[in-house]
There are 2 protein chains.
Amino acid sequence: MRCTAFHLLSDDESLCARLRGASAEPPHRLAAHGELATLANGEVALIDIASPGLPPLQAPFWRVQCERLKIGILSPSPSDGEGLLALEAGAHGYGHSYAAEHSLQQMLDVIASGELWVGRSLMARLLKGVRQASVVSGKGWQVLLTEREREVASMAAMGESNLSIANALGITERTVKSHLTTIFDKLDVTDRLQLALRIHGIR
Amino acid sequence: MRCTAFHLLSDDESLCARLRGASAEPPHRLAAHGELATLANGEVALIDIASPGLPPLQAPFWRVQCERLKIGILSPSPSDGEGLLALEAGAHGYGHSYAAEHSLQQMLDVIASGELWVGRSLMARLLKGVRQASVVSGKGWQVLLTEREREVASMAAMGESNLSIANALGITERTVKSHLTTIFDKLDVTDRLQLALRIHGIR
DNA sequence: TCACGTATCGTACTCAGGTACTAGGAGTGT
DNA sequence: ACACTCCTAGTACCTGAGTACGATACGTGA
């Protein structure tokens, strides 16, 4: 879905120029953030976060507007922290205001269709938050196991049941048990909890 | 940037039909996941995760291929968990294999340009993960528990059996079980392994 | 050819873990 | 006095996990 029309709040003429071909109609310029309140629900708006007089991203103003509008935040100096704030405020997108034209247009199209647009760096940061130390510090255990055993071991260490492991790997629960018995023996542990502690580097 | 050509691994004819107009050329069909290894670096491939014979997302196979290719994972029954696995494996996109044509095309264009494509639900999950990771997982579990429960919880999370916990604390095994039931309920986990993962800051 | 490792699967068994339902005593705040 | 939380504990029950016997098949190297 191509974005047909959108609003823009920015003093940056170069940004405006790059956005001129990004939708069927040229962007409608907003003079101040207060005008956001006058837009109809579901409309698309790009906000240059460097514009003077904007409330901080933590302000309730953004949560309210992001509820009803599709808002993309552009920053001349994007950071993961700022991106997190933007997304937590409910923004549909966060990106670089000096990004290339096709990149801006893509962001516009994505958020116009109701999805979220997030750059790679920020995405990596998000994943890191979820994953944390999930895939392990000590590598000693890996070299002791075969390829298949490593798969089973890491799933068991993440709390998966034998049955769900079996389904995920397309084998029988019995076979999973068989692998686990071998794994416990090789790593010198007695059960899956000890295995998890070992794999996640706790004692 | 429009995606010009891409590869597709799926048995689903309807999916293939919906993708026919999504790029300049019709999708090149792959017969088996092994063929991914024959593609040139940087090429775009959509993978229907329901295709028979695929290795699980945890398998090193995906990490390797996602390093060199731009891979989008499609699932007939997407879940946040599966999406996380896909992204952690290095996939550039994760979405619904029954998604509308324009949605699939958008995903294709986004990952072709090197960015990441993630649905709303999964994104929300990621954000929640960051918030929890930064706020809760540090000591959040401790404030939810009473003094006695903290003792039991930390011992259980270190792999102690109910009986040894009971002996250490001078109470009955039954009482330990009772505490644990309360603990599981408070921390919203199902067993001692999940408890250990929670307490040790893994997811 | 044969030994060996790896991956797969079967049946049967034991046992720790977890739940359901219940309940008494101690302490605390209203 | 009453409500509430916390710690304690009993019986009964179900289930997943792990083990103990197996077994077949495949590939590799001696």
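Since the model is a prediction, treat every value here as computed from it, not as a measurement. (Residues numbered from 1 in each chain as written. Chains lettered and ligands numbered in written order. Predicted model: local features only at pLDDT ≥ 70, side-chain atom pairs only at ≥ 80, totals over all residues. Heavy atoms only, no water.)

Trainee: Where do I start with the protein's contact with DNA strand D in this structure?
Mentor: Within the structure, DNA strand D sits among 17 residues, and Arg192(A), Thr146(B), Arg148(B), Arg174(B) and His179(B) are positioned closest to it. One nitrogen or oxygen atom from the side chain of Asn162(A) is found 3.4 Å from a phosphate oxygen belonging to DNA strand D. One of the side-chain nitrogen or oxygen atoms of Arg192(A) is found 2.7 Å away from a phosphate oxygen of DNA strand D. No other element matches helix 9 (residues 173-187) of chain A, which puts five residues into the surface near DNA strand D. Among the residues making up the surface near DNA strand D, the classes are represented as two nonpolar, eight polar and seven charged. (Near = heavy atom within 4 Å. Polar contact = N/O pair within 3.5 Å; in protein donor to acceptor, adjacent residues only side chain to side chain. Helix = DSSP H or I, 4+ residues; strand = E, 2+ residues; numbered from the N terminus. Nonpolar A, V, L, I, M, F, W, Y, C, P; charged D, E, K, R; others polar.)

Trainee: Sorry, what's going on with the environment of Leu180(A) here?
Mentor: All names here are of chain A. As for its position among the elements, Leu 180 is in helix 9. In the structure, Leu 180 is positioned 24 residues away from Ala 156 in sequence and 8.6 Å away in space, judged by C-alpha atoms. Beyond its immediate sequence surroundings of up to four residues, Leu 180 is in contact with Val 152, Ala 156, Asn 162, Arg 192 and Leu 195. (Contact = heavy atoms within 4.5 Å.)

Trainee: Sorry if this is basic, but what is going on with the confidence of the model for chain A here?
Mentor: Do not read the predicted coordinates in detail wherever pLDDT is low. Per-residue pLDDT for chain A has a mean of 80; in total, 86% of the residues score no lower than 70. Low confidence marks residues 129-138 of chain A, where pLDDT is under 50. Its contacts with residues over four positions away, or in another chain, come to 24 contacts. (pLDDT = per-residue confidence, 0-100.)

Trainee: Before we go on, may I ask you to explain the sheet that holds strand 4 (residues 70-75) of chain A in this structure?
Mentor: Strands pair in a sheet through their backbones, by hydrogen bonds, and they do so in one of two ways: parallel or antiparallel. All names here are of chain A. Within the open sheet, the six strands sit side by side as 2-1-3-4-5-6. Their pairing is parallel. What marks the edges here is a single partner per strand, and that holds for strand 2 (28-29) and strand 6 (117-118). As paired elements, strand 4 and strand 5 (residues 93-96) share four bridges and run parallel to each other. Within the sheet, the bridge partner assigned to Leu 74 lies in strand 5 and is Gly 95. Here helix 4 (residues 101-112) sits on the sheet in contact with strand 3 (44-48), strand 4, strand 5 and strand 6, set at roughly 155° to strand 4. (Pairing = 2+ DSSP bridges. Axes fitted to C-alpha atoms, helices over the stretch in contact; angles between N-to-C directions.)

Trainee: Help me understand the protein's contact with DNA strand C, please; the structure alone is not making it clear to me.
Mentor: Looking at DNA strand C, there are 17 residues lining it, with Thr146(A), Thr172(A), Arg174(A), His179(A) and Arg192(B) nearest. Within 4 Å of the protein, atoms of DNA strand C come from sugar and phosphate in 58% of cases. Side-chain polar atom of Thr175(A) to a phosphate oxygen of DNA strand C: 3.0 Å apart, as the coordinates give it. Residue Arg192(B) places a side-chain N or O atom 2.6 Å away from a phosphate oxygen belonging to DNA strand C.

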